[in-house]
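# Architecture and fold: a report
Residue-level listing of the chains:
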Amino acid sequence: MTQTELADRLYITEKAVSKWECGNGFPDLDNIGKLAAFFDISIDELLQAKCWTAN
């Protein structure tokens, strides 16, 4: 899924998704709930998720 696709589904900007992905910002509480619901996980699971990047 692209940043644009996720942004469109959550009714937010692609720039916001890019910031989160790059570690330059974090979703606000409303968007944390939307993300958890979208990925069908709890907010706890979302907040405990580890981000892995390829080196």
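You'll find the structure just up there.
Here the structure is a predicted model, which means the values were calculated and not measured. (Residues numbered from 1 in each chain as written. Predicted model: local features only at pLDDT ≥ 70, side-chain atom pairs only at ≥ 80, totals over all residues. Heavy atoms only, no water.)

### Describing the pattern of salt bridges
Close approach of charged atoms allows side chains with opposite charge to pair. In the structure shown here, the tally under the stated rule is one salt bridge. Linking K34 and D30 is a salt bridge whose minimum nitrogen-to-oxygen distance equals 3.6 Å. With K34 and D30 both in helix 3 (residues 29-38) and four residues apart, the pair spans about one turn of that helix. With relative accessibility at 30%, the residue K34 sits in the partly exposed group. (Salt bridge = Lys/Arg side-chain N within 4 Å of Asp/Glu carboxyl O. Helix = DSSP H or I, 4+ residues; strand = E, 2+ residues; numbered from the N terminus. Buried < 20%, exposed > 50% of the residue type's maximum accessible area, 1.4 Å probe, protein only.)

### Here we look at the nonpolar core
Ranked by size, the top nonpolar core spans eight residues in total: L6, A7, L10, I12, A16, V17, W20 and L35. Of all elements in the fold, only helix 1 (3-10) and helix 2 (14-22) reach the threshold of two or more residues within this core. Residues within four places of L10 in sequence aside, it is in contact with K34, L35 and F38. (Core = buried A, V, L, I, M, F, W, Y, C linked by side-chain atoms within 4.5 Å. Contact = heavy atoms within 4.5 Å.)

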